[in-house]
Amino acid sequence: MEVFNHRGICLKEGKRAIYLDPANSRPDGAVTHAHSDHLRPNTHMTNPTADVMKVRTGAKKATTHNYHERFKINDFELEFVSAGHVVGSAMIECNGLLYTGDYNPYGTVTSGRAEPQECDTLIVESTYGKPNQTLPDRNQVLEDLQAWISTTSSNDGGIIGAYSLGKAQEVIATANLAGTTPTVSNEVGAVSDIYKKYGVPLEYIRYEDLDEKEKPGLLVTSTSATNGKKPNAAVQNMRKQGAKVARVSGWCAFAKWALRGVDAGFPISDHADFSDTMKFVEECNPKQVYTVHGSTKELAKQIEKKLRINARPLPKYGEVAIESFN
Ligand SMILES: [Zn+2]
């Protein structure tokens, strides 16, 4: 089987090919999860991914599968395995190859965790592929976030900006642990309803459902609503009353831009950090690793140096000798 980058991650055997996280919608493609850089309609996906696609984009066309259900595309046998990234997120197994998509082996409160799988070939994401990109202890950061939520919601209010799919639900779960029922934007509410459908217990109330005189203690909304690009009425009203603003993103640990315009930042990620990645690769025990998405060169170098496993960024079609291809 040949593997290379061509309109997505292409797996090819003779004249047959399939596409993982393809660049375009196509029935011979399979997608790992519902973040917009991976999601394409009219492909194979998990049931929750299809549900999120429907509420966020309106697209309905998909061939859906459960985790661990074996299915075929062009005679390639595939299986979705939990990736621990967001609801419905999957790693893809196919003939001794494992593609992680975006994954989290540490695990999230709301989406489980990615378990290493023995494989011959591993295609691994490299979002935090540099050796200094190791996140602080997650439980400690979650404790700090809980304390921030308790304090701000009992004072002038708190606003948290987070990705509407994945991070926002981690924040809601953390607020619930702190004894707070957060108010959410419609966008966050629509995705959170799908988490509830798949058995994740989350308590929240939509901003538009509040009585006029009710003041939200904590508002969970999209990042763009808090960073000044698209402030919504809820954010503006709460800001006027002195609410504090926080961002929840792994980048708060590594990048100054992530802390711009906010009062606090909490480095919680739904991606594997550098040390999780190295451990995951070692436990999958592959013969060959290909790196994709992010710091691909740095990660490949570290895997070769520290784990002594062949590794390189996934080649593009044309960079390596591959049997003719259309
Ligand atoms: Zn993602």
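Draft legend 1. Highlighting the overall build of the protein chain. Summing up its helical and strand segments, the protein chain has eight helices and 19 strands in all. Overall, the C-alpha framework of the protein chain stretches about 65 × 40 × 30 Å when taken along its three principal axes. In the protein chain, which comprises 326 residues, the proportion classed as buried is 56%. Taken as a whole, the protein chain presents about 14600 Å² of accessible surface, with 45% of it coming from carbon and sulfur. Across the protein chain, the centroid of the 38 positively charged side chains sits 6 Å from that of the 39 negatively charged ones.

Draft legend 2. Just the sheet that holds strand S8 (residues 76–82), in detail. If you walk across this open sheet you meet the seven strands as S7-S8-S9-S10-S11-S18-S19, and the pairing is mixed. Of all the strands in the sheet, just strand S7 (71–73) and strand S19 (310–313) have a single pairing partner and so form its edges. Going from strand to strand, the sheet's axes swing by 25° on average, the running direction of each strand aside. Direction of pairing for S8 relative to strand S9 (residues 90–94): antiparallel, over a ladder of five bridges. Note on S9: the bridge partner recorded for Ser 82 is Ala 90. Here helix H7 (residues 274–284) sits on the sheet and contacts S9, strand S10 (97–99), strand S11 (121–126) and strand S18 (288–294); the angle it forms with S11, its principal contact strand, is near 175°.

Draft legend 3. Summary view of the domain arrangement of the protein chain. Assigned domains within the protein chain: domain 1 (2–133 + 271–313) and domain 2 (138–266). Relative placement of domain 1 and domain 2: their C-alpha centres are 29 Å apart. Listed per partner, the contact involves 21 residues of domain 1 and 20 residues of domain 2. Around 1700 Å² of area is buried between domain 1 and domain 2 when both sides are counted, 67% of it from carbon and sulfur atoms. Per-residue buried area on domain 1 facing domain 2 is highest for Val 87, Thr 110 and Tyr 128; these three make up 30% of the total on that side. In this structure, the connection of domain 1 to domain 2 is made through one salt bridge.

Draft legend 4. Up close: the state of the cysteines. Under the criterion given, the structure shown has zero disulfides. With no disulfide partner, Cys 94 has as its closest neighbouring cysteine sulfur the one in Cys 10, 11 Å distant. Cys 119 takes part in no disulfide bond, and the closest cysteine sulfur to it belongs to Cys 284, at a distance of 4.7 Å. We classify Cys 119 as buried; its relative accessible area is 7%.

Draft legend 5. Quick look at unusual backbone geometry. In the Ramachandran plot, Asn 42 falls in the positive-phi region, its phi being about 60° despite a non-glycine side chain. Within the secondary structure layout, Asn 42 lies in the loop between strand S4 (29–30) and strand S5 (44–46). In this structure, His 293 takes a positive phi of about 55° despite not being glycine. Residue position: His 293 is located in strand S18.

Draft legend 6. Main features of the coordination of the zinc ion. Protein coordination at the zinc ion comes from His 33 (NE2), His 35 (ND1), His 85 (NE2) and Asp 102 (OD), with a distance range of 2.1 to 2.3 Å. One can describe the site at the zinc ion as irregular: its four donor atoms subtend angles covering 91 to 164° at the metal. You can call Asp 102 buried: its relative accessible area is 5%.

Draft legend 7. Local environment of the pairing of strand S1 (residues 2–5). Bridge analysis of S1 against strand S2 (residues 9–13) gives four bridges, and the strand direction is antiparallel. Residue pairing in the sheet places Asn 5 in a bridge with Ile 9 of S2. Between S1 and S2, which follow one another and run antiparallel, lie three residues, and Arg 7 among them has a positive phi close to 55°.

Draft legend 8. Inspection of the pairing of strand S16 (residues 244–248) at higher detail. Along S16, four of the five residues are buried, which leaves the element largely enclosed by surrounding structure. Pairing of strand S12 (residues 158–161) with S16 involves four bridges; the strand directions are parallel. In the strand pairing of S16, Ile 160 is matched with Ala 246. Note that S16 and strand S17 (residues 264–266) share three bridges and pair parallel. From the neighbouring strand, Arg 247 faces S17, where its bridge partner is Gly 265.

Draft legend 9. Structural view of the packing of aromatic side chains. What the rule picks out here adds up to eight aromatic pairs. Measuring from ring centre to ring centre gives 4.6 Å for Tyr 103 and Phe 280, while their planes differ by 55°; the resulting arrangement is tilted. Pair noted here: Tyr 103 is in the loop between S10 and S11 and Phe 280 is in helix H7, with a separation of 177 residues, a long-range link. Judged by relative accessible area, which is 0%, Tyr 103 ranks as buried.

Conventions we followed
Residues numbered from 1 in each chain as written. Predicted model: local features only at pLDDT ≥ 70, side-chain atom pairs only at ≥ 80, totals over all residues. Heavy atoms only, no water. Helix = DSSP H or I, 4+ residues; strand = E, 2+ residues; numbered from the N terminus. Buried < 20%, exposed > 50% of the residue type's maximum accessible area, 1.4 Å probe, protein only. Areas by Shrake-Rupley, 256 points an atom, 1.4 Å probe, with all protein chains shown as cover. Lys, Arg positive; Asp, Glu negative; His and termini not counted. Charge placed at Lys NZ, Arg CZ, Asp CG, Glu CD. Pairing = 2+ DSSP bridges. Axes fitted to C-alpha atoms, helices over the stretch in contact; angles between N-to-C directions. Contact = heavy atoms within 4.5 Å. Domains from an automatic or database assignment. Buried area = accessible area lost by both parts, 1.4 Å probe. Salt bridge = Lys/Arg side-chain N within 4 Å of Asp/Glu carboxyl O. Disulfide = S-S within 2.5 Å. Donors = N, O, S within 2.8 Å, 3.2 Å for Na, K, Ca; no water. Tetrahedral: all angles 85-135°; square planar, octahedral: opposite > 155°, others 65-115°. Phe/Tyr/Trp six-rings, centres within 6.5 Å; stacked < 30°, edge-to-face > 60°.

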